[in-house]
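# Notes for the structure review
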Amino acid sequence: MAYNLLKGKRGIITGALDSNSIAWKVAEKAHEEGAQFVLTNAPIAMRMGEINGLAEKTNSKIVPADATNVEELTHLFTESQQILGGKIDFVLHSIGMSVNIRKKIPYTELNYDYYQKGIDVSALSLHKMLAVAMKLDAINEWGSVVALTYMAAQRTFPFYTDMADIKAMLESISRSFGYHYGVTKKVRINTVSQSPTKTTAGTGIKGFGDFFDYAQSIAPLGNASAEDCANYCITLFSDLTRMVTMQNLFHDGGFSNTGVSDLVMNKIGITE
Ligand SMILES: NC(=O)c1ccc[n+]([C@@H]2O[C@H](COP(=O)([O-])OP(=O)(O)OC[C@H]3O[C@@H](n4cnc5c(N)ncnc54)[C@H](O)[C@@H]3O)[C@@H](O)[C@H]2O)c1
């Protein structure tokens, strides 16, 4: 059911790689809720071509941009305002990549070139986007920026290796920039800390399937799906949450506040 929550709003949605991507679901929901937006991804990801189908379905244009490249981001924000006919109201940062994770390198033996690449792609890209948008004055007052993160920023999940540190940085950038963009332009910036989700980035993590089942057994509501995450992002882009900024918002079915569940106790045989 749609509520027209984003009617008349203009957005930029990063990170839709295929139909499993969280950004893909956000684009579908934003379209249902009446938004117009530009889709973007790294030029290399475009080669797979799946994004064209999403653009057609949501009546949107695609502007490629490597999120680590300030020139390309400047082009993205300039071009998007032209395409959409005005300033931007919402931005989804849905970008994550760790070469160390891809290559299954343990945390204590990280490759530092890969580590820096991960920081640039997955955390600094948010700072770069916001700095470009601010310089161009491309985001409307009360605009909303959401970046996706994971709870390994607060608690240790060994398999998440360097991405844990990188997500901590992403969340810090969101808070710090949230202050500066808030006082100057009333632009809101939040991170959504999502449950493990079966996407390309998610399933690339060693032992992801087992951990997905573990989280499912702990969270009282179970794991939040990509579609649930999209619904939550839509509320954050809407005017219904206009005083929410600089927050890290857990969207995980209660996982983050649960110590242990009866289900897990039963599974490991520790029951009365
Ligand atoms: N899947 C999970 O379990 C999970 C859980 C919590 C948070 N997240 C976060 O959600 C976000 C989206 O990931 P996803 O799970 O939908 O996976 P995904 O693989 O579908 O999306 C990641 C996207 O990042 C893009 N990207 C990589 N390098 C880029 C660059 N240089 N410039 C622009 N885009 C680039 C990829 O092309 C891809 O579209 C990520 O930040 C991820 O860390 C995922």
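A quick note: this is a predicted structure, and the numbers were derived from the prediction, not measured.

Structurally, Lys-25 can be placed in helix α1 (residues 22–32). Expressed as a C-alpha distance, the spacing of Lys-25 and Thr-108, which sit 83 residues apart in the sequence, is 35 Å. In contact with Lys-25, other than residues within four places in its own chain, are Ser-19, Ala-226, Glu-227 and Ala-230.

In this structure, Trp-142 is a non-glycine residue whose phi angle is positive, near 65°. Summarising the element assignment, Trp-142 is placed in strand β5 (residues 139–149). Unlike most non-glycine residues, Thr-161 shows phi in positive territory, near 30°. With respect to the secondary-structure elements, Thr-161 resides in helix α7 (residues 161–185).

Most of strand β4 (residues 88–93) sits inside the fold, with six of its six residues counted as buried. Pairing of β4 with β5 involves five bridges; the strand directions are parallel. When the bridges of β5 are listed, Leu-92 appears paired with Val-146.

Let us now look at α1. Those residues of α1 lying buried are Ile-22, Ala-23, Trp-24, Val-26, Ala-27, Lys-29 and Ala-30. One or two positions beyond α1, positive phi appears at Gly-34, with a value near 95°.

The next subject is the nonpolar core. Membership of the largest hydrophobic core comes to 51 residues, with the highest contact counts inside it found for Leu-76, Phe-77, Val-145, Phe-157, Tyr-160, Tyr-181 and Phe-255. Those elements that provide at least two residues to this core are α4 (70–84), β4, α5 (99–102), α6 (112–136), β5, α7 and α9 (208–218). Counting residues per element, this core draws most heavily on α6, which supplies eight residues. With sequence-adjacent residues up to four places away left out, Tyr-160 is seen in contact with Ile-101, Tyr-150, Ala-152, Lys-167 and Ile-205. In terms of nonpolar packing, the next biggest core, distinct from the first, is built from 29 residues, Leu-92, Val-146, Ala-226 and Ile-234 among them.

With that out of the way, let us pick up the environment of Val-192. Considering the arrangement of structural elements, one finds Val-192 in strand β6 (residues 188–194). C-alpha separation for the pair Val-192 and Ala-147, spaced 45 residues apart in sequence, amounts to 6.3 Å. Setting aside residues no more than four positions away along its own chain, Val-192 makes contact with Val-146, Ala-147, Leu-148, Thr-149, Cys-229, Tyr-232, Leu-236, Leu-249 and His-251.

In the vicinity of the ligand there are 27 residues, among which Ser-21, Asn-41, Lys-167, Thr-197 and Thr-199 approach most closely. Between Asn-41 and the ligand, the recorded distance is 2.7 Å, taken from a side-chain N or O atom to an oxygen atom. Taking Lys-167, its side chain carries an N or O atom lying 2.8 Å from an oxygen atom of the ligand. When the ligand is considered free in solution it has 820 Å² of accessible area, and contact with the protein chains removes 92% of it. For the shell around the ligand, the element with the most residues is helix α8 (residues 200–203), which contributes three residues.

Moving on to the confidence of the model for the chain. Per-residue confidence for the chain gives a mean pLDDT of 96, with 99% of residues at or over 70. Looking at the elements of the chain, mean pLDDT is at its lowest for α8, recorded as 85, and at its highest for β6, recorded as 99.

Our next topic: the packing of aromatic side chains. By the definition in use, this model includes 13 aromatic pairs. Seen from their ring centres, Phe-159 and Phe-211 are 4.9 Å apart, and the 50° between their planes marks the pair as tilted. Of the two residues, Phe-159 is situated in the loop between β5 and α7 and Phe-211 in helix α9; the sequence distance between them amounts to 52 residues. Owing to a relative accessible area of 24%, Phe-159 belongs among the partly exposed residues under this scheme. Chaining the aromatic ring pairs together yields one cluster made of Tyr-150, Phe-157, Phe-159, Tyr-160, Phe-211, Tyr-214 and Phe-255. Its guanidinium or amino end placed over the ring of Phe-212, Lys-198 lies 4.2 Å from that ring's centre, counting from NZ or CZ. In this structure, Arg-242 packs its charged tip against the face of Trp-142, placed 4.0 Å from the ring centre.

With that settled, consider the packing of α4 against α6. Where α4 contacts α6, the two axes come as close as 9 Å, and the packing angle between them is 50°. As judged from the angle between their axes, α4 and α6 are oblique. Pair α4 / α6 crosses with right-handed handedness. Residues Val-70, Leu-73, Thr-74, Phe-77 and Thr-78 of α4 touch α6, and the partners they reach there are Ser-125, Lys-128, Met-129, Val-132, Ala-133 and Leu-136. When its residues are assigned to classes, the contact of α4 with α6 shows seven nonpolar, three polar and one charged.

Conventions adopted
- Residues numbered from 1 in each chain as written.
- Predicted model: local features only at pLDDT ≥ 70, side-chain atom pairs only at ≥ 80, totals over all residues.
- Heavy atoms only, no water.
- Helix = DSSP H or I, 4+ residues; strand = E, 2+ residues; numbered from the N terminus.
- Contact = heavy atoms within 4.5 Å.
- Buried < 20%, exposed > 50% of the residue type's maximum accessible area, 1.4 Å probe, protein only.
- Pairing = 2+ DSSP bridges.
- Core = buried A, V, L, I, M, F, W, Y, C linked by side-chain atoms within 4.5 Å.
- Near = heavy atom within 4 Å.
- Polar contact = N/O pair within 3.5 Å; in protein donor to acceptor, adjacent residues only side chain to side chain.
- Areas by Shrake-Rupley, 256 points an atom, 1.4 Å probe, with all protein chains shown as cover.
- pLDDT = per-residue confidence, 0-100.
- Phe/Tyr/Trp six-rings, centres within 6.5 Å; stacked < 30°, edge-to-face > 60°.
- Lys NZ or Arg CZ within 6 Å of the ring centre and 35° of its normal.
- Axes fitted to C-alpha atoms, helices over the stretch in contact; angles between N-to-C directions.
- Parallel < 35°, antiparallel > 145°, perpendicular 65-115°, else oblique.
- Left-handed = near helix turned anticlockwise from the far one by under 90°.
- Nonpolar A, V, L, I, M, F, W, Y, C, P; charged D, E, K, R; others polar.

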